There are 6 protein chains.
Amino acid sequence: MKEKCPKDSYVMMSELVLPNDTNTLGNLMGGKLMHWMDIAAAISAQKHCNCPVVTASVDNVSFKNAIKLGNVVTLEAKVVRAFSTSMEIYVKVWGEDVAAQYKYLSNEAYLTFVALDPNSRPRKVPHVTPETEEEQKMYDAALRRRQVRLVLGGRMKPEEATELRSLFVQDK
Amino acid sequence: MKEKCPKDSYVMMSELVLPNDTNTLGNLMGGKLMHWMDIAAAISAQKHCNCPVVTASVDNVSFKNAIKLGNVVTLEAKVVRAFSTSMEIYVKVWGEDVAAQYKYLSNEAYLTFVALDPNSRPRKVPHVTPETEEEQKMYDAALRRRQVRLVLGGRMKPEEATELRSLFVQDK
Amino acid sequence: MKEKCPKDSYVMMSELVLPNDTNTLGNLMGGKLMHWMDIAAAISAQKHCNCPVVTASVDNVSFKNAIKLGNVVTLEAKVVRAFSTSMEIYVKVWGEDVAAQYKYLSNEAYLTFVALDPNSRPRKVPHVTPETEEEQKMYDAALRRRQVRLVLGGRMKPEEATELRSLFVQDK
Amino acid sequence: MKEKCPKDSYVMMSELVLPNDTNTLGNLMGGKLMHWMDIAAAISAQKHCNCPVVTASVDNVSFKNAIKLGNVVTLEAKVVRAFSTSMEIYVKVWGEDVAAQYKYLSNEAYLTFVALDPNSRPRKVPHVTPETEEEQKMYDAALRRRQVRLVLGGRMKPEEATELRSLFVQDK
Amino acid sequence: MKEKCPKDSYVMMSELVLPNDTNTLGNLMGGKLMHWMDIAAAISAQKHCNCPVVTASVDNVSFKNAIKLGNVVTLEAKVVRAFSTSMEIYVKVWGEDVAAQYKYLSNEAYLTFVALDPNSRPRKVPHVTPETEEEQKMYDAALRRRQVRLVLGGRMKPEEATELRSLFVQDK
Amino acid sequence: MKEKCPKDSYVMMSELVLPNDTNTLGNLMGGKLMHWMDIAAAISAQKHCNCPVVTASVDNVSFKNAIKLGNVVTLEAKVVRAFSTSMEIYVKVWGEDVAAQYKYLSNEAYLTFVALDPNSRPRKVPHVTPETEEEQKMYDAALRRRQVRLVLGGRMKPEEATELRSLFVQDK
């Protein structure tokens, strides 16, 4: 299986915030934004593995700036690292008040998808070769995020999470 | 401000999985489910603080079991703990194949909402008084989840996250 | 076939009134509410008979109080009585202005669903055993509502509608 | 206020049955159809009174023939009779399998709307002048349907419903 | 194959402009209107050929008058001329402020659809027999519109477009 | 007013084809695609003029290849030329079967938008400076497309359309 670069799975998606996407304050609802993030990440994951995918998990998402009705939402997604049958996708979300020429970061998140074979069983995916320095950093940090997921999901004991543990403990 | 119990903010929501909610495998898309989770949690948060709210963050979400087209999704939400102007809401999601009388846990998550005054500035919310043993446990663990959020969001240094640190380090 | 209680088919559904659900006065459109009532009732009917169902009829519905944009709609549904292959479901709808802590009855209705076998032919459904006094009353009155439906649908002559006739005539 | 004929408020609406409008059997959901009926009737009522309207009630609706995915739904609506501030609208619904050149009656219903002034208070509407024999029959029967609504809504005692009572009793 | 008249494929469709259909100025978005025009034309084309159809092209569309939120959109469609396996459909769109009793032309357009056999290959469609003078004019002008399409689509050389050429050149 | 390049208004939009976007053959409906084209073009136009815009017209659109359910649609839009208060936007649409690694051109189109001031009156927009050879060609050909629009819309006589006339006539 041929290795791929993050840019091979790059996806850009622009959406207009319509009335039904907003709460009574006229701000984009967090859940609607997560819906778009999931779609952008799913397309990106499919571009990496060229087969159907399912969302396995979504990491912590913080909403920093409210996105207003009528603004444009731009999502960028690319695969950061692959683990056997799963892929970690980085999604970055911008809001933009086009008339005011004001563009602002809304939030970022990491989503994990699993690739499926025709019988809906997990199947192997190509490795990722980071190209830029930023992609290399994301690639390296992916191990730590994976341990956070496993510990938070109860599938790894904190003491086994060596990557994570190093954050808290100065091992001598 | 009068304290409230988790059951005061209890919300139950049932939805039918329709074709447009599913991917090409006929499974509910993760993003659509997060959309519903956000709405259920927002209604629950509003019941607790009786004012407009915005999504501040969503904790790690893992999708354990795929929910199929035509199945019923049941979401239960209640406020677990309040922190000055924010509330942590627990959401539990069940899938159900009603014809086959088969009900299964899909996933659980914690979402954080901020209460807003008429000028869209954060405002104080009532405290939460847990009533059952399970609610007490969730209430206690809320501090640790809050530190995970702050550390992952870069707003707290790992060494200050005392609740979290204790998971990894046996302080002597 | 085992008898079932109304609480076995109990469904609760909460929805947020979004801009597209309202008319130019900012009130929930009657037709959208009936759409939600149909879905809540269909889920309840399926819980009772554990097979696919179709809407056979909807009784008179009166809209007492307008539900405003941004309010929460809560629907409760349960099967009241079964007739061979059909079920009568009672749906109660509440509106709620959560910020103002004001909850109000919007309307109530009875819907009838037919259970279908794999060839889309009507199939037998379990009997209903009312448990509370209110459920017993609804169970008893179901016969009269059924006659109203049959007379209005032209499938029963008024003089045969003995339950209904007694409302108008003092038979000596 | 100038009288109007039913044809002045005539509305025709055609819709395509899309996947999200159907249940797992591939049939149009009853609630979606009622949603369209409400919109067609609302447009018709507005044409009669030239002001905003709200749904007051929907009479018994029976679903005779299932409408299949991909079929065309045609709704016809017109105001049948006016009562001071309210209007009764007749809606007739056809399903059509265009490829098979097969058109079938799905159902009929009567909906009642109230006209509103700029302060959302009921306001007077023009009288209706039936033109055809069929319109005259519908006009005459409107009184009886109105009594059914009032009796079923608990706002009229059965013994006062003289139009209705005559169906059941041979007064000598 | 029996010839058909334009009135055999006549379709009328009324829609209410809802919040999500409008831009930030409260006007119906052009793209949403084109979506409705495509559906009305597709139903009309299916009525003419009684088989599945696909959109082949849409001629130039100019939007003359903005349609406001809450207004009623009425679309009328009929088949104007048939060419072997394709049909040209004329769609006329009206906006209406029902309360103000103000009806205005929004735009007109010609769409072309191709009829498909069960293997999704083009199949022959019935000829069109115009009945009114206006239908005859549209029928005659259809050849010129067809040449515009072919020239603009690069499938015909301008010098071969005899119908079109006559507009620009006085051939002696 | 500062001139702008086409790349300043470049917009990329990716969408997943969901069941409700398709006809009974499982192909994306032409009208839905035009809806997306209109949104992509509107965002692009807003980026150029930094104010609200309305669709003025859509040039001939031909649908070359059907886009299947589950495929990814990618739209690219940029402003090609500006005329006083209006802008011509070029939109290119790709379909992609990601699993099969098969990407195909669906169609291209030119849309015209008008920029509006706060009173909804047309306002001046910046000029466009083409940068690449392809952009220069599109810029030059924009005049001819504009004449096609004016002639087809009945606002210019064919004999005045000098750009267009030269296609048909060899003036000596």
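Refer to the structure printed above.
Computed from a prediction, not measured in an experiment: that's the story for all the values here. Per-chain numbering applies: the sequence of each chain, read as written, is numbered from 1 onward. Each chain gets a letter, beginning with A, and each ligand a number, beginning with 1, in the order they are written. Confidence filtering applies because this is a predicted model: local features only for residues at pLDDT of at least 70, side-chain atom pairs given and counted only at 80 or more, and all residues used for totals across whole chains, interfaces and linings. By convention in this description, side-chain values take in all heavy atoms of the structure and omit both hydrogens and water.

**Some details on the relation of the copies chain C and chain B**
Only residues with pLDDT of at least 70 in both copies count here: their C-alpha atoms drive the least-squares fit that superposes the copies. With an RMSD of 0.0 Å, the operation that places chain C on chain B is a rotation of 180° combined with a shift of 0.0 Å along the axis. Both chain copies can therefore be described as sitting about a two-fold axis. When C-alpha positions in chain C are compared against the rotation axis, the closest is assigned to C:M13, at 2.1 Å.

**Some points on the relation of the copies chain B and chain A**
Mapping chain B onto chain A is achieved by rotating through 180° and translating by 0.0 Å along the same axis, at an RMSD of 0.0 Å. For this analysis, residues touch if any pair of their heavy atoms sits within 4.5 Å. Residue by residue, 100% of the interface of chain B is reproduced at the interface of chain A, so both copies engage with the same surface.

**Some points on the pairing of strand β2 (residues 53-58) of chain D**
Regular strands place their side chains on alternate faces of the sheet. When DSSP finds at least two bridges between two strands, those strands are taken to pair. Helix and strand assignments follow DSSP, with helices taken as H or I runs no shorter than four residues and strands as E runs no shorter than two, numbered in order from the N terminus. Pairing of strand β3 (residues 61-62) of chain C with β2(D) involves 2 bridges; the strand directions are antiparallel. Directly across from C:V61, in β2(D), lies its bridge partner D:V58. Looking at chain direction, β2(D) and strand β6 (residues 102-115) of chain D are connected through 5 bridges and run antiparallel. Across the sheet, residue D:T55 finds its bridge partner in β6(D), namely D:F113.

**Description of the side chain of F:S57**
Within the element layout of this structure, F:S57 appears in strand β2 (residues 53-58). The buried label goes to any residue with under 20% of its type's maximum accessible area, the exposed label to any with over 50%, and the partly exposed label to all in between, with areas taken from a 1.4 Å probe on protein chains only. Relative accessible area serves as the criterion here: at 7%, F:S57 is assigned to the buried category.

**A short note on the packing of helix α1 (residues 30-49) of chain E against helix α1 (residues 30-49) of chain F**
Packing of α1(E) against α1(F) brings their axes to within 7 Å, and their N-to-C directions diverge by 170°. Classed by the angle they form, the pair α1(E) and α1(F) counts as roughly antiparallel. Contacts between α1(E) and α1(F) involve E:G30, E:G31, E:K32, E:M34, E:H35 and E:D38 from the first element and F:G30, F:G31, F:K32, F:M34, F:H35 and F:D38 from the second. For this classification, Asp, Glu, Lys and Arg are treated as charged, while Ala, Val, Leu, Ile, Met, Phe, Trp, Tyr, Cys and Pro are nonpolar and the rest, including Gly, are polar. A breakdown of the residues in the contact of α1(E) with α1(F) according to their chemical character gives 2 nonpolar, 6 polar and 4 charged. Structural elements are reduced to axes, namely lines fitted to C-alpha atoms, with helices fitted over the stretch in contact, and the angle between N-to-C directions of any two is expressed from 0 to 180 degrees. Here the word oblique covers every angle except those under 35 degrees (roughly parallel), over 145 (roughly antiparallel) and from 65 to 115 (roughly perpendicular).

**What to know about the state of the cysteines**
In a disulfide, the sulfur atoms of two cysteines are covalently bonded to one another. All names here are of chain B. Pairs of cysteine sulfur atoms within 2.5 Å are what we label disulfides. Going through the model one piece at a time under the given rule, you end up with 0 disulfides over all chains. Cysteine C5 remains unbridged, with the sulfur of C49 as its closest cysteine sulfur at 16 Å. What makes C5 buried here is its relative accessible area of 17%.

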